[in-house]
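What follows is each chain in one-letter form.
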Amino acid sequence: MDDFISQLQSPAENVYGESDLILMKKAYINEKAAPELLEYQTDLLARLQDQVHNQEDTVANTDSTHAEGSLVRAIWRLELARAKHLLRAYLRTRLIKLERHVTAVLDNPAMQARLSPLELQYAKDYFVKTGLHLKDAVLAHMPEEFNSLVRQSNVSEGHDMLSAPNLEAHVFVRVLEDRGAVNLDPEGDDVVELNKDDLYIIRYEPIRDLLKDNWVELV
Amino acid sequence: MPVDPSFSPYDLEFFAEDDVVKIVPSFSLPTFSHSSIRCIGGAFGPFKPNIPVEVPLWLAVALQKRNNCRILQPDWLNTETLQEALDQEKNTAAVFHRLPFHYLEISKILFLHAKEAFGTDLLKVKELVGDICKVRLSKINAGLQVLQGPMTVKLNNLSAAECNVIRPFFQGALDRFHLLASVCLRLLP
C-alpha cells in the first residue's frame, strides 16, 4: 500500500514531476503559514507569469471549431484559472502580512530586501498614507512627548512601537530531508530529531533557517 | 494581531486537486503530439480510448464532467484497504495510520464527482472513510488533553484537514505556554 501512497503524498514525486505550479503552491503555503514575510520568489514568479502569458497566447490561437480543439482549450483555460488563482493568493497573502508589519519591515533593511520592488513601493505608500491619517486623527491631539508613530515616548531608545511578526509563534512543519538532531534552545538542551516525513508543531524561530534552505516545509 | 495561518476548506481542496488519479479516457487527440495536452504543469496524457492514464484530480474531474473519461477507484480507497486502515487506526492509540495527506479532500471530491467509480461499494466506502476520520479525531482530542506546558509536538501522518482543524487551538495554547514559560524564566532566574 505504501507504494501508491508515496505517490499521492507528494505530488512532486508523481509522474508529472515538480512543475513551477507545484513550486508556487508550496511557496504560497509556506508564505501563508509563516509568521513573518518570507523572501519574494522572484525567479519562480517571473517564470510562472511568463508561462501564463504564453499559454494565454496559445489558447487565443487555437482553433476551437472542432471538438478536439474545444476540449483542449477548455482544459487550458481551467489550468490558467488555477495558475492565476495561485498567483493572486500568493501576492495577496504577502500584501496582508506586509500591511500588518509595515513599520517593522521598513525599519529593517534585511526585511526590506525580501520584498519585490513593487511591494517595497507599496509598503512606503501605505506607511505614508496610514501614517498621515493616524497623525491627523490621533497623534496631533497627544502631548508632544508621545506623538511619534514608532516610539512609545520621547525617552524610548530607538523604535519600540513597531508591529513586528511574532517569531516565537508555533507552526506546523513537515521535514523534507533527514536532518538529525536540531537544538531548539541555544541555552538549554531542547533537542528534536528531524527525520524525513516527520510532522511537528514547533516554534518558528529555531526552524527559520531550515525553511529557507528547504529542509522543511510548512503545512 | 497575528496573521491567520489557517487555510479554508476551499484552499485545501484546491491543493488536493494536484494529486494524481487514474482515469480511462474515451477520447483521443490525433492532431496533438503524443495525443497529450501540453499544460503549464506538464504534458498530461497520452489520452487514448480505454487506455488508463494518470492525471491530476482537477483534470480528471473536468474530463468526467464532460463525459470524456471514467475515473478509476484509487487503490487506497477500496473497502479492504480502508477496513485494514480502520482496524490499525483502532488498535494503535498513539500512532496515526499512514494515509494520503489529502485523503479527506480527495474522497470528498470523488464521492461528489465520481460516484460511478465505486459501484455498489459507494456507501460502504463512505462509511469507512467517515469512521476512520472519527477515530482519528478522537485520538487527536485525547492528544490535546495531555498538552500541558511548552513543548514540541510530533504528529506524524496527520492529514492536511486534520492539521487545519487543530491549528487554532494548538497554536494558541502552545504560544501561550511558551510565553508564560519565558516570563517565568525571566522572573525566577
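Residues numbered from 1 in each chain as written. Chains lettered and ligands numbered in written order. Predicted model: local features only at pLDDT ≥ 70, side-chain atom pairs only at ≥ 80, totals over all residues.

Secondary structure assignment for chain B yields six helices and six strands. In sequence order, the secondary structure elements of chain B are arranged as α-β-β-β-β-α-β-α-α-α-β-α. Once the C-alpha set of chain B is aligned to its principal axes, its extents read approximately 75 × 35 × 20 Å. By residue count, 34% of the 189 residues in chain B fall in the buried class. (Helix = DSSP H or I, 4+ residues; strand = E, 2+ residues; numbered from the N terminus. Buried ≥ 20, exposed ≤ 12 C-beta atoms within 10 Å, placed from the backbone.)

In this assembly, 47 residues from chain A lie in contact with 42 residues from chain B. Of all the elements in the fold, those that place two or more residues in the side of chain A that touches chain B are helix 1 (2-9), helix 2 (20-33), helix 3 (42-60), helix 4 (67-100), strand 1 (170-175) and strand 4 (199-203) of chain A. By residue number, the principal contributor to the side of chain A that touches chain B is helix 4 of chain A, which donates twelve residues. (Contact = placed C-beta atoms within 7 Å.)

Before going further, it helps to spend a moment on the UniProt feature "domain: GINS subunit" (unreviewed entry) in chain A. The feature "domain: GINS subunit" (unreviewed entry), as annotated in UniProt, sits at residues 78-127 of chain A in this numbering. With 88% helix and 0% strand, the stretch residues 78-127 of chain A has end C-alpha atoms that lie 38 Å from each other. (UniProt positions renumbered as here; feature names shortened; annotations may be inferred.)

Residues and elements named next belong to chain A. Annotation of chain A at the domain level lists domain 1 (11-100), domain 2 (101-164) and domain 3 (166-219). A separation of 33 Å is found between the C-alpha centroids of domain 1 and domain 2. Between domain 1 and domain 2, the residue contacts involve eleven residues of the former and twelve residues of the latter. The element that contributes the greatest number of residues to the side of domain 1 that touches domain 2 is helix 4, accounting for six residues. (Domains from an automatic or database assignment.)

Once that is clear, we can look at the UniProt feature "domain: DNA replication complex GINS protein PSF2 N-terminal" (unreviewed entry) in chain B. UniProt records the feature "domain: DNA replication complex GINS protein PSF2 N-terminal" (unreviewed entry) for residues 9-72 of chain B in the present numbering. Note that residues 9-72 of chain B is 27% helix and 30% strand, and that its end C-alpha atoms are spaced 24 Å apart.

In this section: the pairing of strand 3 (residues 191-194) of chain A. Residue and element names in this part refer to chain A. Of the two faces of strand 3, the one lined by Val 192 and Leu 194 is fully buried and the one lined by Val 191 and Glu 193 carries no buried residue. Relative to strand 3, strand 2 (residues 180-183) runs antiparallel, the two sharing four bridges. Note that in strand 3 the partner of Ala 181 across the bridge is Glu 193. (Pairing = 2+ DSSP bridges.)

Quick look at the packing of helix 2 (residues 57-65) of chain B against helix 4 (residues 103-113) of chain B now. Residues and elements named next belong to chain B. The geometry of helix 2 relative to helix 4 is characterised by a closest axis approach of 11 Å and an angle of 5 degrees between their N-to-C directions. Compared by their axis directions, helix 2 and helix 4 come out roughly parallel. Along its contact with helix 2, which presents Leu 57, Val 61 and Gln 64, the element helix 4 presents Ile 106, Ile 109 and His 113. Here the contact of helix 2 with helix 4 is built from residues that sort into four nonpolar, two polar and no charged. (Axes fitted to C-alpha atoms, helices over the stretch in contact; angles between N-to-C directions. Parallel < 35°, antiparallel > 145°, perpendicular 65-115°, else oblique. Nonpolar A, V, L, I, M, F, W, Y, C, P; charged D, E, K, R; others polar.)

All names here are of chain A. For strand 1, the tally of buried residues reaches six of six residues, placing the bulk of the element in the interior. One ladder, built from five bridges, connects strand 1 with strand 4; its direction is antiparallel. From the neighbouring strand, Phe 172 faces strand 4, where its bridge partner is Ile 201. Relative to strand 5 (residues 216-218), strand 1 runs antiparallel, the two sharing three bridges. In the strand pairing of strand 5, Val 173 is matched with Leu 218.

UniProt annotation of "domain: GINS subunit" (unreviewed entry) refers to residues 76-174 of chain B when read in the numbering used here. The distance from the first to the last C-alpha atom of residues 76-174 of chain B is 34 Å, and the span holds 64% helix and 2% strand.

Membership of the largest hydrophobic core comes to 70 residues, with the highest contact counts inside it found for A:Val171, A:Phe172, B:Leu57, B:Leu59, B:Ala60 and B:Ile71. Shared between two domains, this core holds at least three residues of each, these being domain 1 (11-100) and domain 3 (166-219) of chain A. Ignoring sequence-local partners within four residues, the contact set of B:Leu57 consists of B:Ala16, B:Glu17, B:Asp19, B:Val21, B:Ile106 and B:Ile109. Among the nonpolar cores identified, the runner-up in size contains five residues, and A:Leu37, A:Leu98, A:Val105 and A:Ala123 belong to it. (Core = buried A, V, L, I, M, F, W, Y, C linked by C-beta atoms within 7 Å.)

Here the focus is the sheet that holds strand 1 (residues 20-25) of chain B. Residue and element names in this part refer to chain B. In spatial order, the strands read 4-1-5; together these three strands make up an open sheet with antiparallel pairing. With one partner strand each, in any of the chains shown, strand 4 (53-56) and strand 5 (69-71) form the two edges of the open sheet. Averaged over all pairs of adjacent strands, the angle between strand axes in this sheet comes to 45 degrees, irrespective of strand direction. Pairing of strand 1 with strand 5 involves three bridges; the strand directions are antiparallel. Within the sheet, the bridge partner assigned to Val 24 lies in strand 5 and is Arg 70.

A cis amide bond links B:Gly45 with the next residue in sequence, B:Pro46, at an omega value of 0 degrees. In this model, A:Asp197 sits at a positive phi of 75 degrees, which is unusual for a non-glycine residue. Here A:Asp197 is to be found in the loop between strand 3 and strand 4. Overall, the presence of 15 C-beta atoms within 10 Å leaves A:Asp197 in the partly exposed class.

As a general point, the strands of a sheet are linked pairwise by backbone hydrogen bonds and lie either parallel or antiparallel. Ordered in space as 5(A)-1(A)-4(A)-6(B), the four strands form an open sheet in which the pairing is antiparallel. Of all strands in the sheet, those with a lone pairing partner are strand 5 of chain A together with strand 6 (153-154) of chain B, marking the two edges. Helix 2 of chain A contacts strand 1 and strand 5 of chain A of the sheet and is inclined by roughly 70 degrees relative to strand 5 of chain A.

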